[in-house]
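Given next are the chains, with one letter for each unit.
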Amino acid sequence: MIKKCLFPVGGYGTRFLPATKAMAKEMLPIVNKPLVQYGVEEALEAGLDNIGFVTGRGKRAIADHFDISFELESQIAGTSKEKYLTSIRDVMDNAIFSFTRQNEMKGLGHAILTGETLIGNEPFGVVLADDLCVPEPGEDNVLAQMVKIYKQFRCSVVAVMEVPEDQIHKYGVIKGEEMKEGLYRIEDMVEKPKNEEAPSNLAIIGRYILTPDIFDILRDTPPGINNEVQITDALLKQAKDGCVLAYKLKGTRFDCGSVGGFVEATNYVFENVYKEP
Ligand code: G1P
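This one's a predicted model, so the numbers in the text were calculated from it and none came from an experiment. (Residues numbered from 1 in each chain as written. Predicted model: local features only at pLDDT ≥ 70, side-chain atom pairs only at ≥ 80, totals over all residues. Heavy atoms only, no water.)

A.B. asks: Quick question: what am I supposed to make of the environment of Met 23 here?
C.D. replies: Following the sequence through the fold, Met 23 ends up in the loop between strand S1 (4–8) and strand S2 (29–30). Met 23 sits in the partly exposed class, given a relative accessible area of 33%. Sequence separation of Met 23 and Val 229 is 206 residues, and the distance between their C-alpha atoms is 25 Å. (Helix = DSSP H or I, 4+ residues; strand = E, 2+ residues; numbered from the N terminus. Buried < 20%, exposed > 50% of the residue type's maximum accessible area, 1.4 Å probe, protein only.)

A.B. asks: Looking at this structure, how should I read the side chain of His 65?
C.D. replies: Among the secondary structure elements, His 65 is positioned in helix H2 (residues 60–65). Ignoring sequence-local partners within four residues, the contact set of His 65 consists of Met 27, Pro 34, Gln 37, Ile 88 and Met 92. (Contact = heavy atoms within 4.5 Å.)

A.B. asks: Help me out: how do you make sense of the pattern of salt bridges in this one?
C.D. replies: Any two side chains of opposite charge can pair, given that their charged atoms come close. Inspection of every chain in the model, using the stated rule, returns 15 salt bridges. Glu 122 is the salt-bridge partner of Lys 4, the closest N and O atoms lying 3.4 Å from each other. You can see Lys 4 sitting in strand S1 and its partner Glu 122 sitting in the loop between helix H6 (116–119) and strand S6 (124–127), a full 118 residues away along the chain. The salt bridge partner of Lys 33 is Glu 41, with a shortest N-O separation of 2.8 Å. Overall, Lys 33 belongs to the buried group, its relative accessible area being 15%. Of the residues examined, Glu 41 reaches a relative accessible area of 16% and is grouped as buried. (Salt bridge = Lys/Arg side-chain N within 4 Å of Asp/Glu carboxyl O.)

Spelled out as structure tokens, the structure:
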């Protein structure tokens with residue numbers, strides 16, 4: 001079964017400068033929780049409790065966040081403030097964390113390949129914490145939805161959603177044959193196409209289930225657009241040699257890598273998800 005989940009968190013977060021000058025963008029809070037904690041909670045709920053981070057320079061706060069803060073915790077132990085630590089303690093009690101560092105930013109494909117040492121030879125999830133996904137009330141979260149698809153088909157699965165034409169150039173875009181409602185067998189995929197060259201309006205969102213043969217493919221994948229090793233290019237090879245599925249996610253997704261999406265997510269979570277401890 002799938003137990004491991006990789007979080008590529010090496011990126012710079014330039015769109016949030018100067019906030020991200022000395023601080024990891026994944027630590028920016030949506031209301032009271034850093035973005036990355038939402039992603040880790042999603043992985044845990046989906047049954048993936050072995051969490052691997054591919055970090056980079058300036059990202060130590062992420063490792064500290066998922067560790068005990070002895071001074072703080074002993075100070076508030078037994079006081080009314082202890083309740084504010086409940087959610088992070090739950091995460092820490094239920095997950096195992098490991099870290100490796102990507103010392104050059106050469107693309108998402110390169111980050112995932114760097115994580116091989118934490119994954120080994122088993123299928124695994126990938127979560128891009130910038131994409132915050134909120135499920136419908138009472139429904140499985142997006143990663144859990146994808147684990148179910150994986151269990152049935154045993155091949156790599158990417159999450160997709162329809163995006164407006166003027167946004168498509170920001171994403172990996174798929175073309176596929178619809179096998180059943182909302183599930184596509186990928187025939188083509190392009191990273192950040194020009195609007196007129198996009199094979200559809202189905203954009204890849206930052207949730208993946210990958211089979212471990214992706215590592216060998218990534219090793220042989222030359223840099224693509226923006227001179228970065230693209231996971232999209234490696235997945236196209238995997239799709240052509242075998243099978244890769246695209247799953248239209250159910251729920252609401254926010255692009256927290258953009259300022260507008262981040263503010264929207266903050267408002268939505270405050271209104272609909274956040275509960276005061
Ligand atoms: C990455 C992937 C892209 C995907 C996107 C989802 O791009 O390369 O295929 O559509 O994440 O958020 P990035 O946003 O890192 O440029």
